[in-house]
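Remarks on the overall topology
Each chain, written out:
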Amino acid sequence: MTYSGLFCVVINPYKRLPIYTESVCKMYIGKRRTEMPPHLFAVSDEAYRNMVNDHENQSMLITGESGAGKTENTKKVISYFAIVGASQQKKKDAKDSLEEQIVRTNPVLEAFGNAKTVRNNNSSRFGKFIRIHFNHGGKLAGGDIEHYLLEKSRVIKQAPGERSFHIFYQIMSDAIKDLKKKLHLIRPIRDYHFVSQAEVTIDNVDDKEEMLITDESFDIMKFTADEKFDLFAMTGAIMHLGEMKFKQRPREEQAECEDQTEGDLACKLFKVDPDKFVNALLKPRVKVGSEWVNTFF
Ligand SMILES: Nc1ncnc2c1ncn2[C@@H]1O[C@H](COP(=O)(O)OP(=O)(O)OP(=O)(O)O)[C@@H](O)[C@H]1O
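About the cut-offs
Residues numbered from 1 in each chain as written. Predicted model: local features only at pLDDT ≥ 70, side-chain atom pairs only at ≥ 80, totals over all residues. Heavy atoms only, no water. Near = heavy atom within 4 Å. Polar contact = N/O pair within 3.5 Å; in protein donor to acceptor, adjacent residues only side chain to side chain. Areas by Shrake-Rupley, 256 points an atom, 1.4 Å probe, with all protein chains shown as cover. Helix = DSSP H or I, 4+ residues; strand = E, 2+ residues; numbered from the N terminus. 1 Å grid on protein atoms, 1.4 Å probe; cavity = no way out; pocket = protein on both sides within 12 Å on 5 of 7 lines; lining within 4 Å. Points joined across faces, edges and corners; volume = space filled by probe spheres on them. Nonpolar A, V, L, I, M, F, W, Y, C, P; charged D, E, K, R; others polar.

Where an unreviewed UniProt entry is consulted, the protein chain appears under the name Myosin motor domain-containing protein, with the organism given as Panagrolaimus davidi.

1. Brief notes about the site of the ligand
Looking at the ligand, there are 18 residues lining it, with Ser66, Lys70, Thr71, Ser123 and Ser124 nearest. Between Thr71 and the ligand, the recorded distance is 2.4 Å, taken from a side-chain N or O atom to an oxygen atom. Burial of the ligand by the protein amounts to 89% of the accessible area it has alone, namely 620 Å². Examining the composition of the shell around the ligand, we find that three residues originate from one element, helix α3 (residues 70-84), more than from any other.

2. As for the layout of surface pockets
With a probe scaled to a water molecule rolled over the atoms, the places where space remains empty come into view. As a volume, the second largest pocket reaches approximately 640 Å³. In terms of lining residues, the second largest pocket is bounded by 25 residues, among which Phe7, Cys8, Val43, Met60 and Leu61 are the most central. The set of elements that each furnish at least two residues to the lining of the second largest pocket consists of β2 (7-9), α2 (40-54) and α3. Here the lining of the second largest pocket gets five residues from one element, more than from any other, and that element is α2. For the lining of the second largest pocket, the per-class residue count stands at 14 nonpolar, eight polar and three charged.

Below, the structure written as C-alpha cells:
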C-alpha cells in the first residue's frame, strides 16, 4: 500500500497477509497518516476523525478493475468502523451487536450479488453505496446500502468458466436440511439449465459452508424464518422457471406451454395462480397511453 495524493493505492497480494487483524486495526486508531505505514485503516481512521471533529459526513471511494480487491478492502473498511465505532460496553452476546449486524450484511449481499467470473471467483456483479451512520458520540447507529446495476442477465445465462450467483449453488449444497425438498429441487443441479450452463463449483470454495454463513447472517440481521424461506423460495422458483417448455402454435403467432410441471412448482413457491401466471407469460399486456393491449409471443 502507498499513498498518491488523497488516494491509498492497494495492490491485491492474492495471499492472506497478517496486516488486517484486530490488533493491527487498533494500532491505527487515532494515529496521524505520517506516524504509521500506509494502510487503508489509516485512511479510514482519518475519515472517522474528520467526521467526529468536524461533524461532517465523509465519503470513501473504492475503485479498481475486476479482481483488484474492492470487495475485500470494503469489508476491511467496514470492520474498521465496526471496531472504532463499537459501543463501549461489550454485549454479552457479540452476535447481537449492531457492529456484527453491519459486518454480516456482506455474506448475504455476496450470496445474492456475487458470482464466479473468469477474472474473479467472487466477483461483485453490482455496485453499491454503503452508508454507515454514527451518533454524536461517534458510535455506530446503523447503516443502509443502495445497490446499482445488478447483472441480471447472469440469472439465465453464464459464459464458459463462470457461474450464476452463489446463492443457487449454496441452496443446492444441501447445507440446510430439507430445504431442497421444500423448494421441490429434487433433481441434480445439472438438470436445471438456468444455473448450469458452465461451472457449478469453485475451487477451494465449499458452498455448504458458505450457505451456513449466509443463513446465520440472515439470523444475525434478524430476518425471521419465514422471511428467509421466502427469499430462498423466490430463488429456487427461478430454477424451476428455466425448465418450463414452450412451443409455437402451428400457423399462429402464439406460443403455448408444452410442459407446465416445473412452472407449477415455481408458482407454488411464488404463491401465485399457475394459470394466471402462464397466461401473463404468453399473453403479456402492456399499457399504451391509457389502454391495456395484448402483445402476442
Ligand atoms: N487484501 C487481500 N488479501 C488477500 N487476498 C485478496 C485481498 N484482496 C483481494 N484478494 C483476493 O482477490 C480476489 C478478488 O478480490 P475482490 O473480490 O475484492 O475484487 P473486486 O475488485 O471486488 O472485483 P469485482 O469488481 O470483480 O467484484 C478475492 O476473492 C481474494 O481471493
